[in-house]
Amino acid sequence: MTGTAVTPHASPLAPDWLSVPEDQARLDAKLWAEDVERGPDGVLRIDGVSVTELAEQYGTPLFVMSERDFRARAAMFRDAFDDAFAELCGGVDVFYAGKSFLCTEVAHWVREEGLGLDTCSGGELAVALRAGMPGSRLGLHGNNKSAAEIVRAIDAGLGRIVVDSLQEVALVGDLAVERGRQANVMLRLTPGVHAHTHEFIATAHEDQKFGLSLTTEQGPGQDGTQDDDAGSSPAARAVADALVHPGINLLGVHCHIGSQIFEPEGFELAAQRLLAFLAEVRDRHGVELPELDLGGGYGIAYTEADEPRPAAEIARAMAGVVGSTCRELGLTVPRISIEPGRAIAGPTTFTLYTAGTTKTVRVDASANGSEVVQDTSVTHPRRYVSVDGGMSDNARPVLYGADYSAVLASRAPGADPVLSRVVGKHCESGDIVVRDVYLPEDTGAGDLLAVPATGAYCWVLSSNYNYLTRPPVVAVADGAARLILRGETEEDLFRRDVQRAPAASSTDTGDTRTA
Ligand SMILES: *Cc1c(COP(=O)(O)O)cnc(C)c1O
């Protein structure tokens, strides 16, 4: 835990992990793309381009993405995992999880960096194909894929369709046969491991919508009958069905155990359980399935409190467990694949907002949820700084209670830090962008604020709530910015709004009740 610094400014309203910045101009490197820095004039720059120029040209809110940083993180995952697994299985296939952030330009970067790309809908698949991504390097996920999505995937010759249920084994297989093809299939299994940040929970039974359970169901089957499959798990039945289906080329098994994971233990346990399952498949069917996908979920830093492990460290830990488990089971090491999304896209981007109204409220410290009984006669200031976006461009604080940080971006700080809350402009009191951050007390109308680590699960979750227009995304590379997703206009908002037909006569006031 960081943030033990206690200065005269520390607010009792602040969470334990938040420290008062000693130098308000300093950027915490782990939160920012590698080419972001503060210039001598105090203005934030990305690859030499100042945020004041960006705001002038593109307006705010604005997503500002470093192309170089995205490519570097993609290459880093590719190389770190390839190195760690080189001797065991010749390397790792990295599939960027497109759901974290995707547009045609980003799909081009993924292709050029030699990664695969995972999609989880027909729309994401369309973006990937539009960027010329070869079907062989694409995956399709989903617990309820439509027949149209499956057909599109089969026709594009997808490298892998990740099948999620027993019904889908039959559906994918039959559709492939109809089209005179074989679908490449991985089976998504639920290994009973759920990981998040520092913890993981191991269970036998799964209570979630995704995947095929490794656990044998107790009690009568769904249809109350006993058949040859009685006593085997849904995962085992799916393998048996897939192996005999003429429309299916069964590659292996898959799991995805959570997100924002810092420690390798959850991945290790999931790998052990899936490898044990592959050994059972070998013993029962005499087949060693050639592939194992261990999913995504690698964590990133959103605030100073977050200290994710480097990818290379996690890769080495996972390789160690995969190697030893395969030796114990006498199993050929399958080809490993992984699906990082957040860890590639997240830190590449910051959101630029313009500050507007501010106010300071005085709060008694017990309102912070502190268990220590506080003297409620003593209150402390909390400063609210409103920005020109909010939950429509970053839903994560509302959806998940996610924490972010922010800095004054358009000038050098001119006053002492004060505990602040950055809020959006939506008609919701829960519309918080950054719950707790120290900002210079003189931050106010017209200042630009930058919120780092908004590259994943922000733009893709953006909405038109309150009829706000979705912000543009610019990519900065080689000292220049270019639009990769343009912002919406009012015209875009009305494009799908069906207007009533014009009135029939010129005397019609439009109010039919009084006509
Ligand atoms: C969301 C998801 C990922 C990516 O997760 P991150 O936390 O962004 O790395 C990978 N695989 C599957 C199946 C997913 O659903």
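Residues numbered from 1 in each chain as written. Predicted model: local features only at pLDDT ≥ 70, side-chain atom pairs only at ≥ 80, totals over all residues. Heavy atoms only, no water.

### Details of a nonpolar patch on the surface
A contiguous nonpolar surface patch, about 370 Å² in accessible area, is contributed by Leu399, Tyr400, Val460 and Leu461. For tyrosine 400, the position within the fold is in helix H11 (residues 396-400). (Patch = residues over 30% accessible without salt bridge, like charges linked within 9 Å, V, L, I, M, F, W, Y side chains within 5 Å. Areas by Shrake-Rupley, 256 points an atom, 1.4 Å probe, with all protein chains shown as cover. Salt bridge = Lys/Arg side-chain N within 4 Å of Asp/Glu carboxyl O. Helix = DSSP H or I, 4+ residues; strand = E, 2+ residues; numbered from the N terminus.)

### Considerations on the environment of aspartate 497
Mapped onto the fold, aspartate 497 is located in the segment after helix H12 (490-495). The class of aspartate 497 is partly exposed, set by a relative accessible area of 34%. In this structure the C-alpha to C-alpha distance between aspartate 497 and alanine 74, which are 423 residues apart in sequence, comes to 39 Å. (Buried < 20%, exposed > 50% of the residue type's maximum accessible area, 1.4 Å probe, protein only.)

### Structural notes on the sheet that holds strand S1 (residues 36-38)
Read from one edge to the other, the open sheet built from three strands follows the order S1-S2-S3, with strand pairing classed as antiparallel. Only two strands of the sheet have a single neighbouring strand rather than two, namely S1 and strand S3 (49-50). In this sheet, strand S2 (residues 44-46) lies alongside S1 in antiparallel orientation, the contact comprising three bridges. Each bridged residue has a counterpart across the sheet, and for valine 36 the counterpart in S2 is isoleucine 46. (Pairing = 2+ DSSP bridges.)

### Here's the deal with the domain arrangement of the chain
Domain annotation of the chain identifies domain 1 (29-66 + 347-494) and domain 2 (68-345). Relative to domain 2, the C-alpha centre of domain 1 lies at a distance of 34 Å. Roughly 2,300 Å² is buried in total at the junction of domain 1 and domain 2, and carbon and sulfur atoms are behind 59% of that figure. Considering only the surface of domain 1 that becomes buried against domain 2, Lys30, Pro347 and Tyr457 emerge as the three largest contributors, covering 27% of it. On the surface where domain 1 and domain 2 come into contact, there are five salt bridges. Counting only elements with at least two residues in the side of domain 1 that touches domain 2, the list comes to strand S4 (62-66), strand S23 (473-477) and strand S24 (480-485). Residue classes in the side of domain 1 that touches domain 2 are distributed as 16 nonpolar, five polar and seven charged. (Domains from an automatic or database assignment. Buried area = accessible area lost by both parts, 1.4 Å probe. Nonpolar A, V, L, I, M, F, W, Y, C, P; charged D, E, K, R; others polar.)

### Observations concerning the packing of helix H7 (residues 234-244) against helix H8 (residues 265-285)
Between H7 and H8, whose axes approach to 11 Å, the crossing angle comes to 50°. Relative to H8, the element H7 is oriented oblique. H8 is crossed by H7, and the crossing has right-handed handedness. The segment H7 lies against H8, with Ala235, Ala236, Val239, Ala240 and Leu243 engaging Phe277, Val281, Arg284 and His285. Grouping the constituent residues of the contact of H7 with H8 by class yields seven nonpolar, one polar and one charged. (Axes fitted to C-alpha atoms, helices over the stretch in contact; angles between N-to-C directions. Parallel < 35°, antiparallel > 145°, perpendicular 65-115°, else oblique. Left-handed = near helix turned anticlockwise from the far one by under 90°. Contact = heavy atoms within 4.5 Å.)

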